[in-house]
Amino acid sequence: MAIEGTVSKYKLKSWLSWSWTYVCFIWFGMVLIMIYVLWSPLKLQETLASASVFLNTLTPKFYVALTGTSSLISGLILIFEWWYFRKYGTSFIEQVSVSHLRPLLGGVESSSATGLFTSINGETEPRPSVSECKVWRNPLNLFRGAEYNRYTWVTGKEPLTYYDMNLSAQDHQTFFTGDTPQLRPEDAVMQKAWRERNPQARIRAAYQALEMNQDCAAAYVLLAEEEATTITEAERLFRKALSIGKSGLYSAQRHRNRNINLLVYIKRRLAMCARKLGRVKEAVKMMRDLMKEFPLLGMLNIHENLLEALLELQAYADVQAVLAKYDDISLPKSATICYTSALLKARAVSDKFSPEAASRRGLSSAEMNAVEAIHRAVEFNPHVPKYLLEMKSLILPPEHILKRGDSEAVAYAFFHLQHWKRAEGALNLLHCTWEGTFRLIPYPLEKGHLFYPYPGCTETADRELLPSFHEVSVYPKKELPFFILFTAGLCSFTAMLAMLTHQFPELMGVFAKAFFSTLFAPLGFFADKMESFMPSSFWHQLTRI
């Protein structure tokens, strides 16, 4: 019954929208008839005659001012439309038309959020609208004090957006104090500290918590993240927090979940410190131990940290073993998983790959596997190749990423570009084959090849996550809206008229008078025909009614 009701509602809306065409024609005909009926009572003929006399009395200066004003107005509209399109990715006039005018005309609402899409096997399935644009914690996020702040000191630019830092504050609150029924005084101070927008206020709150309790591990975590200006100093503070966290893990069972979360976070950051300080083997061992000790915390994506460290060691067999476990159809994908798999397959053939030779003899089975892996990776995240091929400049990665978005591409390329450069010929193979992916998915927003259709919300989320000085990569490329092109044409036309009127005022005045005379000629012709067709007594009686 629900389906029948939906179909009936859809048919009703379709009929209403179809009927609007004929309603417009009827309305236009009624307007013409009304004009003819009121032709004599309102003395419209004398009004048109006086308007014609007025046009003949206009000076060329008036036409110059008129065309100049029209050109200025259309130019301002064009500038505003272009600015709105660059900032929000859509036309302002089009958005207003769709949002406010389309419902009045009986248009059918867009069903992008709750619509249907065709899956790989051809069946129709509900499209996931919430999870496809979920923001994830960047597993390789940098240290604020030792890395992000140093960038700010050198360039004067803020690499993190307020939206990104606010998400991190929520993560820390949930991760460290989320399920605690009663907070200790120092924990209440730290919960407030994560929410502080000013970095110095956060650091002062951490010291305040340490004054209340010298064994507040969360305070040392905040100081390691925010105040430490070097990785070595951050590692020292994390080791202090680790010793406190281990002793507190078994002393208070009611806070066990909170202490476990804190312990996992500290161990992971210590492993990242070891990786950054060049102790890669030690970092790999710490990550493996952490994954073995807490296997249920796979949502933290520690395996992505492990993959990057193993690639640094060039332990490609171990990388393949990790991929065999996590590159599973039932597990969520990421750019790290897809592009690392492509790198391993490309590395096996890239040193001897030649586009000319491949075009003559065709691709071998190993080369075909590598190309298919690249196509798979590009379909998952099409923004990555431009960063790997250095067609776009890199920035510091954000603390949160959007899978399949530009933020994920920045985070992946920032850490993995060196690994692609180390594999001889891998970037050349990527350069020769990555654009072929788009022939497999001509309509990526509607139907994918190996993955779900590309989500249309990535641009908006990436603009919130990435700093304003970064040019967000947009996929698929948006064509200029019709109204921008129309406004540009109108602006050019009025500017040309203004220039011609200024240079040749007399000639353009004659042209304007001829134009307006021609414009009003059909109305007079129609009136004459109606008078000759209908008896004059009929119109006289109708006007009296």
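Residues numbered from 1 in each chain as written. Predicted model: local features only at pLDDT ≥ 70, side-chain atom pairs only at ≥ 80, totals over all residues. Heavy atoms only, no water.

Peer 1: So what exactly am I meant to see when it comes to unusual backbone geometry here?
Peer 2: Glycine aside, residues mostly have negative phi, and peptide bonds are mostly found in the trans state. Here Asn301, not a glycine, exhibits a phi torsion of approximately 55°, which is positive. With respect to the element layout, Asn301 can be found in the loop between α12 (280-293) and α13 (302-313). One non-glycine residue, Glu390, lies in the positive phi region at around 60°. Note on placement: Glu390 falls in the loop between α18 (384-388) and β4 (400-402). (Helix = DSSP H or I, 4+ residues; strand = E, 2+ residues; numbered from the N terminus.)

Peer 1: Is there a simple way to explain the confidence of the model for the protein in this structure?
Peer 2: One rule of thumb: low pLDDT means the predicted coordinates there are not for detailed reading. Residues at a pLDDT of 70 or more form 66% of the protein, whose mean pLDDT is 76. This model gives residues 1-10 a pLDDT under 50, and the stretch forms one contact once residues within four places in sequence are excluded. Residue range residues 105-131 is modelled with pLDDT below 50. Its contacts to residues more than four positions away, or to other chains, number 42 contacts. (pLDDT = per-residue confidence, 0-100. Contact = heavy atoms within 4.5 Å.)

Peer 1: Looking at this structure, I do not really get the environment of Tyr151. What am I missing?
Peer 2: Along the polypeptide, Tyr151 turns up in helix α5 (residues 144-155). Each C-alpha atom, one on Tyr151 and one on Leu396, is 8.6 Å from the other, the two residues being 245 residues apart in sequence. Dropping the residues within four chain positions of it, Tyr151 is found in contact with Gly156, Lys157, Pro159, Leu396 and Phe469.

Peer 1: Help me understand a nonpolar patch on the surface, please; the structure alone is not making it clear to me.
Peer 2: There is a patch of nonpolar side chains on the surface, built from Leu72, Leu76 and Ile79 and spanning about 330 Å² of accessible area. Structurally, Leu72 can be placed in helix α3 (residues 60-88). When its relative accessible area of 55% is taken as the criterion, Leu72 is described as exposed. (Patch = residues over 30% accessible without salt bridge, like charges linked within 9 Å, V, L, I, M, F, W, Y side chains within 5 Å. Areas by Shrake-Rupley, 256 points an atom, 1.4 Å probe, with all protein chains shown as cover. Salt bridge = Lys/Arg side-chain N within 4 Å of Asp/Glu carboxyl O. Buried < 20%, exposed > 50% of the residue type's maximum accessible area, 1.4 Å probe, protein only.)

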